[in-house]
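# Coordinate analysis (summary)
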Amino acid sequence: MGTAYRPHHHRSMGNTLELNGTTLEANFPPPSASPTQGQPVALPPGSIQPRETWGGKYEFLLSCLGYCVGLGNVWRFPYLCYRNGGGVFLIPYAIMLLFTGLPLFLMELSLGQYGAAGPITVWKCCPLLKGIGMGMLLVSSLVSLYYNVIISWTFYYLGMSFQSPLPWSCDAPWNAHLCQAQNISLGNASRISASEAFWNEQVLGVVHSSGLGDPGAVRWALALCLLLAWLVIFLCILRGIHTSGKVVYFTATFPYLVLVVLIIRGATLEGSIDGVRFYLSADWSRLHSAQVWNDAASQVFYSLGIGFGGLLSMASYNKFDNNVIRDTLVIAIGNCCTSFFAGFAIFSILGHMAWRKKVPVGEVADTGPGLAFVAYPEALALLPGSAFWSVLFFLMLFTLGIDTLFGNMEGITTAVMDEFPSLRDFKRKALFLGLLCFVFYLLGLLLITEGGIYWFTLMDAYSTSFGLIIIVLFMCLGVAFFYGVNQFCQDIVDMVCRCPPWCSKLVLYFKACWVAITPGLLLFILFYIFMDLSSTTLHYGTYVYPRWGEALGVCLSIVTCIQIPLWATVALCKESGTLADRFRKAIHPLNSWRPTGGRDLPHHIIDVPYTVNLTDHDFMHQGSSEA
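So, how was this worked out
Residues numbered from 1 in each chain as written. Predicted model: local features only at pLDDT ≥ 70, side-chain atom pairs only at ≥ 80, totals over all residues. Heavy atoms only, no water. Helix = DSSP H or I, 4+ residues; strand = E, 2+ residues; numbered from the N terminus. Buried < 20%, exposed > 50% of the residue type's maximum accessible area, 1.4 Å probe, protein only. Contact = heavy atoms within 4.5 Å. Polar contact = N/O pair within 3.5 Å; in protein donor to acceptor, adjacent residues only side chain to side chain. Axes fitted to C-alpha atoms, helices over the stretch in contact; angles between N-to-C directions. Parallel < 35°, antiparallel > 145°, perpendicular 65-115°, else oblique. Left-handed = near helix turned anticlockwise from the far one by under 90°. 1 Å grid on protein atoms, 1.4 Å probe; cavity = no way out; pocket = protein on both sides within 12 Å on 5 of 7 lines; lining within 4 Å. Points joined across faces, edges and corners; volume = space filled by probe spheres on them. Nonpolar A, V, L, I, M, F, W, Y, C, P; charged D, E, K, R; others polar. Core = buried A, V, L, I, M, F, W, Y, C linked by side-chain atoms within 4.5 Å. Disulfide = S-S within 2.5 Å. Phe/Tyr/Trp six-rings, centres within 6.5 Å; stacked < 30°, edge-to-face > 60°.

### Details of the overall build of the chain
Of regular secondary structure, the chain possesses 24 helices and five strands. Counting only residues that meet the buried cut, the chain has 54% of its 627 residues in that class. A sequence separation of at least 24 residues applies to 82% of the contacts in the chain between residues at least 6 apart.

### Some words on the side chain of N73
Tracing the backbone through its elements, the reader meets N73 in helix α2 (residues 71-75). Given the relative accessible area of 2%, N73 is considered buried. A distance of 2.9 Å separates a polar side-chain atom of N73 from the backbone nitrogen of G70. Discounting residues that sit within four places of it in the chain, N73 has contacts with C68, P78, S303, N335, S339 and A342.

### What about the packing of helix α4 (residues 90-115) against helix α20 (residues 501-535)?
When two helices pack together, their arrangement is given by the angle between the helix axes and the distance between those axes. α20 packs onto α4 with a crossing angle of 115 degrees between their chain directions and a minimal axis gap of 9 Å. Of the possible angle classes, the one that applies to α4 and α20 is roughly perpendicular. At the point where α4 passes α20, the crossing takes the left-handed sense. Residues M96, L98, F99, T100, L102, P103, L104, L106 and M107 of α4 form the contact with α20, whose own contacting residues are Y509, F510, C513, W514, I517, T518, L521, L522 and F524.

### Looking at empty space enclosed by the protein
As enumerated under the stated definition, the model contains five cavities of 30 Å³ or more in all. Here the largest cavity is characterised by a volume of approximately 80 Å³. Along the walls of the largest cavity sit W54, S63, Y67, I241, S244, V248, M314, D403, F406, G407 and E410, which together make up its complete lining. In terms of residue class, the lining of the largest cavity is built from six nonpolar, three polar and two charged.

### Considering the nonpolar core
Formed by 193 residues in total, the largest nonpolar core has its most connected members in L111, W153, M409, I492 and W514. The element that contributes the greatest number of residues to this core is helix α5 (residues 130-160), accounting for 19 residues. Excluding residues that lie within four positions of it along the chain, L111 makes contacts with A116, V122, W123, C125, L312, M475, V479, F488 and W593.

### Observations concerning the state of the cysteines
Within this structure, the stated rule accounts for zero disulfides. Distance from the sulfur of C476, which forms no disulfide, to the nearest cysteine sulfur (C513) is 8.9 Å.

### Examining the environment of A267
Topologically, A267 is positioned in helix α10 (residues 254-267). A residue is classified by how much of its surface remains accessible, and A267, at 58% relative accessible area, is exposed. Separated by 78 residues in sequence, A267 and A345 have C-alpha atoms that sit 8.8 Å apart.

### Some words on unusual backbone geometry
The linkage connecting S164 with the following residue, P165, adopts the cis geometry, with an omega of 5 degrees. When you line up the elements, P165 lands in the loop between α5 and α6 (176-184). One non-glycine residue, A116, lies in positive phi territory at about 50 degrees. Tracing the backbone shows A116 in the loop between α4 and α5.

### Considerations on the packing of aromatic side chains
Applying the stated criterion across every chain, the model contains 46 aromatic pairs. Here the aromatic rings of Y157 and W199 are separated by 6.3 Å at their centres, their planes lie at 45 degrees, and the arrangement is tilted. Taken as a pair, Y157 in helix α5 and W199 in helix α7 (residues 194-204) lie far apart in primary sequence, 42 residues in all. For the pair shown, Y157 and W199 are each scored as buried. Arranged with centres 6.2 Å apart and planes meeting at 20 degrees, the rings of F373 and F394 form a pair that is stacked. You can see F373 sitting in helix α15 (residues 369-381) and its partner F394 sitting in helix α16 (residues 386-419), a full 21 residues away along the chain. Judged by relative accessible area, F373 falls into the buried class, the value being 0%. What makes F394 buried here is its relative accessible area of 0%.

Read these as spatial facts, not as claims about activity.
Written out as structure tokens, the structure is:
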């Protein structure tokens with residue numbers, strides 16, 4: 001793991017530093033006072049701003065929990081649960097969490113915390129795999145591009161919720177003909193609800209577009225909402241983790257308050273028990289289906305945010321001796337419990353809507369944007385005080401989405417600023433972030449045109465498809481076999497040496513997962529994705545995507561994962577010797593890999609442009625050398 005020397009005994013006095021009994025001269029001024037933890041230090045002009053650290057462990061925990069607990073926990077997990085056998089789905093879900101989710105989550109947190117670097121720079125531990133970091137950067141960029149569009153929809157609905165009656169309810173005069181027609185023929189599936197008409201016609205304008213090749217005009221109301229969303233993101237990440245770390249005290253906890261309130265309200269409604277029964281009804285025969293196991297694996301994988309670089313970046317701001325194993329268990333299990341918990345809030349109220357409409361719960365259940373912006377708002381419109389419940393629900397969606405976007409943007413900015421440390425200067429950082437958010441805003445305008453929902457669905461389906469799985473697969477195999485699973489386990493033990501004995505025992509379990517079990521399950525997911533791509537076609541509603549559209553989506557995934565061989569080739573070309581020699585050198589950690597990782601390093605470190613390797617000879621015969 002490199003040859004950088006880690007001193008064990010040191011004493012700093014004035015302009016000298018005593019190291020293992022030898023006094024070294026230094027050119028830095030004597031320290032006046034220790035800066036407050038987590039606060040930026042005033043530096044001379046031209047100096048590089050040091051990396052930040054979290055103000056406290058709860059900021060990191062809440063940031064990671066907020067990042068993981070996103071919209072998918074509310075609009076995807078409950079749908080997958082009832083589609084795949086109800087309560088039986090929890091069995092494959094728990095198994096995939098144990099053997100895929102937890103090991104990969106710990107790997108990403110540990111890499112970031114030990115290396116104290118972002119998704120690109122952290123691969124100093126194995127330069128051959130730098131393309132993994134580049135792939136993570138591209139995935140985060142693609143996801144951030146369309147994820148903020150969801151927040152813009154949320155802003156739009158939030159603004160509309162301050163009306164009475166709600167514009168998508170049957171109480172609104174302009175929806176009377178839709179509601180009357182729906183009441184006359186409840187069994188006719190061709191009849192659309194007032195909520196669906198509002199979503200398609202007034203919000204998206206998709207009725208004016210013929211498909212992917214006909215984007216149409218920009219929806220300017222959504223354009224203003226998207227601008228507001230990017231402005232909020234810019235202001236929250238401008239000051240780095242010192243601002244976002246404080247914001248998450250509200251944004252990460254508020255959704256739980258709303259979910260509790262919605263569950264209590266739902267429990268008092270007629271028909272709610274039918275919705276919950278539909279959510280949890282067990283169908284044991286579904287365990288024989290490979291689709292169920294793939295859905296469980298993909299839900300665990302995506303809900304934890306593995307492979308996007310956000311977890312790695314946030315962990316890089318931790319103290320070296322933070323208990324990363326404890327954090328993994330708390331965050332990952334807390335995230336999965338939230339998914340299960342959210343299902344009760346969703347299906348209790350959907351059950352009431354099904355009771356009111358006298359139809360089975362399955363006819364009103366939906367997933368994705370269809371649940372968040374059509375089915376659930378329609379259900380809330382049936383409640384007394386519907387405006388209040390609507391405001392509460394969309395505020396919850398906003399906080400869920402903004403936390404996830406914090407993590408994605410943190411992954412992007414940390415990756416870039418670690419590669420270009422001069423950008424940590426506040427003025428340069430403000431300019432960089434402002435330009436980044438503005439570019440994302442301009443690119444996002446395509447997604448809020450009249451045909452923008454077709455492009456949104458395409459990016460959502462392919463940006464985190466097989467490309468992301470390949471990135472994580474290479475991360476797992478690279479750390480286990482190139483960097484060395486034994487060395488990696490030792491790194492974790494070094495960081496959590498003060499933890500209880502059970503932590504060290506868990507490392508053995510994770511070691512077995514990294515070497516064999518987790519890569520095998522990732523290959524299973526990858527195989528199923530390729531089978532699914534070849535046998536099904538992408539569609540939105542009744543619109544079926546053309547072949548060129550699906551080919552474009554496949555290219556999105558290829559662009560992310562092709563970074564791995566491209567940057568591996570670059571790493572090999574930088575080395576000298578035969579191909580075997582170049583390969584051995586390219587998988588060897590750089591001397592600069594975690595030079596400041598030890599807990600016993602002095603508070604004042606001389607930053608030099610190269611790594612100095614010290615040996616025992618440097619500390620011997622001091623007297624004879626001075627004679």
